[in-house]
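These are the residues of each chain, in order.
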Amino acid sequence: MIKAPNIILVGPMGAGKTTIGRLISQSMDKDFYDLDKVIEDNAGADIPWIFEREGEDGFRKRETQALASVAQSDKGDSVLATGGGIVMREENRDILRENALVVYLYASVAQQLYRTSKSTHRPLLQTGDPKATLKKLFEVRDPLYREVATLVIETDSRHPRSVANKVLDAIKRHLKEETTTS
Ligand SMILES: Nc1ncnc2c1ncn2[C@@H]1O[C@H](COP(=O)(O)OP(=O)(O)OP(=O)(O)O)[C@@H](O)[C@H]1O
Ligand SMILES: O=C(O)C1=C[C@@H](O)[C@@H](O)[C@H](O)C1
Ligand SMILES: [Mg+2]
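Residues numbered from 1 in each chain as written. Chains lettered and ligands numbered in written order. Predicted model: local features only at pLDDT ≥ 70, side-chain atom pairs only at ≥ 80, totals over all residues.

Caption draft 1: Looking closely at the overall build of the protein. Check the secondary structure of the protein and you find seven helices and five strands. Sequence-ordered secondary structure for the protein, helices as α and strands as β, is β-α-β-α-α-β-α-β-α-α-β-α. In terms of overall dimensions, the protein has a C-alpha envelope of 50 × 35 × 25 Å along the principal axes. Out of the 182 residues belonging to the protein, those deemed buried represent 35%. Taking the contacts inside the protein whose residues are at least 6 apart along the sequence as the reference set, 78% of them involve residues at least 24 apart. (Helix = DSSP H or I, 4+ residues; strand = E, 2+ residues; numbered from the N terminus. Buried ≥ 20, exposed ≤ 12 C-beta atoms within 10 Å, placed from the backbone. Contact = placed C-beta atoms within 7 Å.)

So, in structure tokens, the structure goes:
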């Protein structure tokens with residue numbers, strides 16, 4: 001078992017945060033949280049419903065509350081998969097940086113499009129041109145993911161298990177380097 005701080009995964013819709021987060025939590029023997037699921041449980045409603053009734057702004061307020069409660073309450077025992085828009089608020093970026101080892105799962109826009117195309121539960125992609133939406137979001141968010149992340153892992157053309165192994169190796173290497181340099 002690896003000794004490590006809380007791990008938080010960031011990245012665009014379809015990067016695999018939920019899928020990879022669950023896999024690495026099992027390998028590291030840590031609890032797994034999915035922030036979108038925490039928000040839904042707290043609201044007693046699903047994300048499309050929250051967007052419809054409260055708008056994106058209402059959803060973002062709920063997202064910040066959920067992030068603060070999960071990130072600050074668990075000390076070293078959890079893996080948290082966030083939603084793609086978590087980096088949009090500066091206060092969220094501060095919470096991310098201060099409370100965990102943040103891993104950016106990178107996926108190209110083509111892969112994001114492919115991986116999100118079978119699902120309708122992402123309100124921001126219910127547009128006539130999801131590819132253009134993903135591209136626009138990526139241009140704004142990619143620098144913000146990089147700003148908060150300590151590790152960046154490429155996920156294109158990799159099976160989820162292989163991405164998870166790559167993340168685990170990178171975390172191990174990082175923690176070893178931290179121990180030898182401190
Ligand atoms: N490395 C991968 N290769 C192929 N398919 C993948 C990979 N990672 C995830 N997927 C698939 O892509 C889809 C989206 O993955 P997932 O829900 O984990 O993404 P996410 O980053 O959590 O997205 P969101 O930000 O919307 O919550 C799922 O069907 C999942 O099985
Ligand atoms: O990229 C985004 O802004 C979002 C991603 C999803 O995980 C959800 O958090 C929600 O659909 C918004
Ligand atoms: Mg997810």
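Read on for the rest.
Caption draft 2: Structural view of the site of ligand 2. Neighbouring ligand 2 are Met13, Asp36, Ile47, Gly83, Gly84, Gly85, Arg122, Pro123 and Leu124. Each residue belonging to the shell around ligand 2 can be placed in one class, and the counts come to four nonpolar, three polar and two charged. (Near = placed C-beta within 6 Å. Nonpolar A, V, L, I, M, F, W, Y, C, P; charged D, E, K, R; others polar.)

Caption draft 3: Looking closely at the sheet that holds strand 2 (residues 31–34). Spatially, the five strands line up as an open sheet ordered 2-3-1-4-5, and their pairing is parallel. The open sheet has two edge strands with one neighbour each: strand 2 and strand 5 (151–154). Across the sheet, the axes of successive neighbouring strands diverge by a mean angle of 20°, strand direction being ignored. Bridge count for strand 4 (residues 101–106) against strand 5 is four bridges, and the pairing is parallel. Its bridge partner being in strand 5, Tyr106 is matched across the sheet by Glu154. (Pairing = 2+ DSSP bridges. Axes fitted to C-alpha atoms, helices over the stretch in contact; angles between N-to-C directions.)

Caption draft 4: Fine view of helix 6 (residues 130–148). The terminal C-alpha atoms of helix 6, which comprises 19 residues, lie 26 Å apart, in line with the 27 Å expected from a rise of 1.5 Å per residue. Where helix 6 is concerned, the buried positions are Leu134, Leu144, Tyr145 and Val148. Structurally, helix 6 contributes buried residues whose contacts are with strand 1 (7–10), helix 4 (90–99), strand 4 and helix 5 (109–116). (Expected span 1.5 Å × (residues − 1).)

Caption draft 5: Broad picture of the UniProt feature "binding site: substrate" (unreviewed entry) in the protein. On the UniProt side, "binding site: substrate" (unreviewed entry) is annotated at positions that read Asp36, Arg60, Gly84 and Arg141 here. Take Arg60: it is sitting in helix 3 (residues 47–73). In this structure, Arg60 is in contact with Met88 and Arg89, ignoring residues within four places of it in sequence. You can see Gly84 is positioned in the loop between strand 3 (78–81) and helix 4. Residue classification places Gly84 among the buried positions, given that 24 C-beta atoms sit within 10 Å. Excluding anything up to four places from it in sequence, Gly84 contacts Gly11, Pro12 and Met13. (UniProt positions renumbered as here; feature names shortened; annotations may be inferred.)

Caption draft 6: A look at the site of ligand 1. Inspection of the region around ligand 1 gives 19 residues, with Gly16, Lys17, Thr18, Thr19 and Arg115 positioned closest. Elements with a contribution of two residues or more to the shell around ligand 1: helix 1 (17–28) and helix 7 (160–181). For the shell around ligand 1, the leading source of residues is helix 1, giving three residues. Classifying every residue of the shell around ligand 1 by side-chain character gives five nonpolar, nine polar and five charged.

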